[in-house]
Amino acid sequence: MIGAAHFRIRASVAADVAAINALYPLAFPDEDLRPLVAALLSGSLAPLSLVVEHGKSIVGHVVFTECRVAASADRCALLGPLAVAPSHHRQGFGTALVRAGVERLKADGFRAVFVLGDPAYYQRFGFEVETQVIAPYPLPIEWFDAWRSLHLTSLSRSIAGGLEVPPPWRDPALWGAS
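Rules behind the numbers
- Residues numbered from 1 in each chain as written.
- Predicted model: local features only at pLDDT ≥ 70, side-chain atom pairs only at ≥ 80, totals over all residues.
- Heavy atoms only, no water.
- Helix = DSSP H or I, 4+ residues; strand = E, 2+ residues; numbered from the N terminus.
- Rg over C-alpha atoms; globule rule 2.2 N^0.38 Å.
- Buried < 20%, exposed > 50% of the residue type's maximum accessible area, 1.4 Å probe, protein only.
- Contact = heavy atoms within 4.5 Å.
- Areas by Shrake-Rupley, 256 points an atom, 1.4 Å probe, with all protein chains shown as cover.
- Lys, Arg positive; Asp, Glu negative; His and termini not counted.
- Charge placed at Lys NZ, Arg CZ, Asp CG, Glu CD.
- Pairing = 2+ DSSP bridges.
- Phe/Tyr/Trp six-rings, centres within 6.5 Å; stacked < 30°, edge-to-face > 60°.
- Disulfide = S-S within 2.5 Å.

A.B. asks: Looking at this structure, I do not really get the overall build of the protein. What am I missing?
C.D. replies: A count of helical and extended segments in the protein gives four helices and nine strands. When its helices and strands are written in sequence order, the protein yields β-α-α-β-β-β-α-β-α-β-β-β-β. At 16 Å, the protein has a C-alpha radius of gyration in line with the 16 Å of a compact globule built from 178 residues. Considered along the principal axes of its C-alpha atoms, the protein spans approximately 45 × 35 × 30 Å. Relative to its full complement of 178 residues, the protein shows a buried share of 45%. Long-range contacts, defined as pairs at least 24 residues apart, comprise 69% of the intrachain contacts of the protein with a sequence gap of at least 6. For the protein, the exposed surface amounts to about 8,900 Å²; the carbon and sulfur share of it is 55%. Measuring between centres, the 15 positive side-chain charges of the protein sit 8 Å from its 16 negative side-chain charges.

So, in structure tokens, the structure goes:
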């Protein structure tokens, strides 16, 4: 695991774009997430974009995009993408990014965070299978356990409906739909 003296988590800035763009092909060699990340970072869509620096290098990045659930005024976010350089896997950088992001969202009044991701990874943060909020596109049956949520307040457990996402997230391929 990483020690606090060896890394720093901070909000991303425009000067980080090149490093962020270089990170995603390393973390996801079979999937080009750079257009999605660029769209999310180009405006007010991402309420939170964090990087983790180890030494002088950016070794991880995460975006939390503000979304809404139909018929709900509760502030919600969609976690993703999350990328950590393969050379820095299993050292706690991804965990630190997710935890820092969730804490900031909670402090900013967000009620829930949704993610489509590895169940084994996200359940350690308290993400549970989501059945009340429907993903923007039908998910493949094998991805059922991957659609998860983390409720940041006890009141958010009553949120139900379809998740409405901003335009960059409206590509059915991102949700396993064809």
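A.B. asks: Honestly, the environment of Ser 72 in this entry has me stumped. Any pointers?
C.D. replies: Checked against the element boundaries, Ser 72 lands in the loop between β3 (57-69) and β4 (76-84). Each C-alpha atom, one on Ser 72 and one on Gly 162, is 9.9 Å from the other, the two residues being 90 residues apart in sequence.

A.B. asks: What should I look at first to understand the pairing of β3 in this one?
C.D. replies: The two faces of a sheet get side chains in turn, since along a regular strand they alternate between them. With 10 of its 13 residues buried, β3 lies for the most part within the structure. Direction of pairing for strand β2 (residues 48-54) relative to β3: antiparallel, over a ladder of seven bridges. Looking at the pairing, Leu 50 lines up with Val 62 of β3. If you look at the hairpin formed by β2 and β3, you'll find two residues sitting between the two strands, and Gly 55 has a positive phi there, around 65°. With seven bridges connecting them, β3 and β4 associate as antiparallel partners. Of the residues in β4, the one forming a bridge with His 61 is Ala 83. Count of turn residues in the β3/β4 antiparallel hairpin: six residues, of which Ala 71 carries a positive phi of about 65°. As judged from the two bridges shared by β3 and strand β9 (residues 161-164), these two strands associate in the antiparallel manner. Across the sheet, Arg 68 pairs through a bridge with Glu 164, a residue of β9.

A.B. asks: Would you explain the packing of aromatic side chains in this entry?
C.D. replies: Given two aromatic rings, their pairing is described by the distance between the two centres and the angle made by the two planes. Per the stated rule, a full pass over the model turns up nine aromatic pairs. Judged by centre distance (6.1 Å) and plane angle (90°), the rings of Phe 7 and Phe 93 are edge-to-face. Of this pair, Phe 7 sits in strand β1 (residues 7-11) while Phe 93 is found in helix α3 (residues 93-107), placing the two residues 86 residues apart along the sequence. Given the relative accessible area of 1%, Phe 93 is considered buried. Here Tyr 121 and Tyr 122 contribute two aromatic rings whose centre-to-centre distance is 5.0 Å and whose plane-to-plane angle is 85°, an arrangement assigned as edge-to-face.

A.B. asks: So what exactly am I meant to see when it comes to the state of the cysteines here?
C.D. replies: Linking two cysteines covalently through their sulfur atoms gives a disulfide. This structure, assessed with the given rule, holds zero disulfides. The thiol sulfur of Cys 67 is not disulfide-bonded, and the nearest other cysteine sulfur, from Cys 76, lies at 7.9 Å. In this structure Cys 67 comes out as buried when scored by relative accessible area, which is 7%. Classification of Cys 76 as buried rests on a relative accessible area of 0%.

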